[in-house]
Amino acid sequence: MAEQQLRLVADWENQKEQQCAQEFQLAQQNADLQKQKLSSLEQYRLDYLRQTQTRASQGVVARSFNQHQSFIGKLDKACEQQMHVHSQALLVAEQRKSLWLQQQRKRKAVEMLLEKKRQQRVYQENRVEQQILDEMAIQKFIRR
């Protein structure tokens with residue numbers, strides 16, 4: 001009976017581990033997506049900066065130059081915000097990984113306990129069988 005209950009607990013822990021692994025995978029994918037967004041934003045900023053420098057070398061009106069500088073400032077802020085989003089996504093992914101590994105340890109502990117119970121049961125069955133064989137041998141010896 002106790003072994004059956006342990007199997008139920010082991011199945012439940014296994015399901016929880018799979019759920020944790022899936023949540024970690026999703027968090028990791030989100031972190032990768034945020035990193036890609038950051039890279040794209042930084043690349044766009046660099047391209048825009050080069051384009052602005054090219055225009056400036058050709059001669060630009062001061063008002064237009066100020067607008068370009070303002071937009072570059074906004075791009076800088078957007079990059080900072082995206083860096084923050086990316087770092088938060090990495091933090092969440094690490095937390096999910098930690099939860100997954102913790103759940104994995106729980107599952108393994110329950111499985112080890114289950115295996116120990118199984119070994120005890122087999123040992124007990126072998127002892128009973130050996131006692132029966134010994135009793136049969138004694139009865140056979142007495143009959144002779």
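Residues numbered from 1 in each chain as written. Predicted model: local features only at pLDDT ≥ 70, side-chain atom pairs only at ≥ 80, totals over all residues. Heavy atoms only, no water.

1. Overview of helix 2 (residues 62–143)
Consideration 1: The end-to-end C-alpha separation of helix 2 is 120 Å, in line with the 122 Å expected for 82 residues at 1.5 Å each.
Consideration 2: Where helix 2 is buried, its residues touch helix 1 (2–58). (Helix = DSSP H or I, 4+ residues; strand = E, 2+ residues; numbered from the N terminus. Expected span 1.5 Å × (residues − 1). Contact = heavy atoms within 4.5 Å.)

2. Remarks on the pattern of salt bridges
Consideration 1: For the structure on display, the rule yields eight salt bridges.
Consideration 2: Residues Asp-47 and Arg-50 are paired through a salt bridge, measuring 3.6 Å at the closest nitrogen-oxygen approach. With Asp-47 and Arg-50 both in helix 1 and three residues apart, the pair spans about one turn of that helix.
Consideration 3: Overall, Arg-50 belongs to the partly exposed group, its relative accessible area being 49%.
Consideration 4: Between Arg-107 and Glu-111 there is a salt bridge, with the nearest N and O atoms lying 2.9 Å from each other. Placement of the pair is Arg-107 and Glu-111 together in helix 2, with a separation of four residues, close to one helical turn.
Consideration 5: Overall, Glu-111 belongs to the partly exposed group, its relative accessible area being 37%.
Consideration 6: Several salt bridges converge on common partners, so that one network encompasses Glu-3, Arg-7, Arg-121 and Glu-125. (Salt bridge = Lys/Arg side-chain N within 4 Å of Asp/Glu carboxyl O. Buried < 20%, exposed > 50% of the residue type's maximum accessible area, 1.4 Å probe, protein only.)

3. Digging into the side chain of His-68
Consideration 1: Along the chain, the position of His-68 falls in helix 2.
Consideration 2: Exposure remark for His-68: the relative accessible area of 9% places this residue in the buried category.
Consideration 3: Not counting residues within four places of it along the chain, the set of residues in contact with His-68 comprises Tyr-48, Thr-52 and Arg-55.

4. Regarding the environment of Glu-23
Consideration 1: Here Glu-23 is to be found in helix 1.
Consideration 2: With a relative accessible area of 31%, Glu-23 lands in the partly exposed category.
Consideration 3: Each C-alpha atom, one on Glu-23 and one on Ala-137, is 61 Å from the other, the two residues being 114 residues apart in sequence.

5. Let's talk about a nonpolar patch on the surface
Consideration 1: On the surface, a nonpolar cluster with roughly 370 Å² of combined accessible area is contributed by Val-128, Ile-132, Leu-133 and Met-136.
Consideration 2: Within the secondary structure, Met-136 sits in helix 2.
Consideration 3: The exposure class assigned to Met-136 is exposed, which follows from its relative accessible area of 53%. (Patch = residues over 30% accessible without salt bridge, like charges linked within 9 Å, V, L, I, M, F, W, Y side chains within 5 Å. Areas by Shrake-Rupley, 256 points an atom, 1.4 Å probe, with all protein chains shown as cover.)

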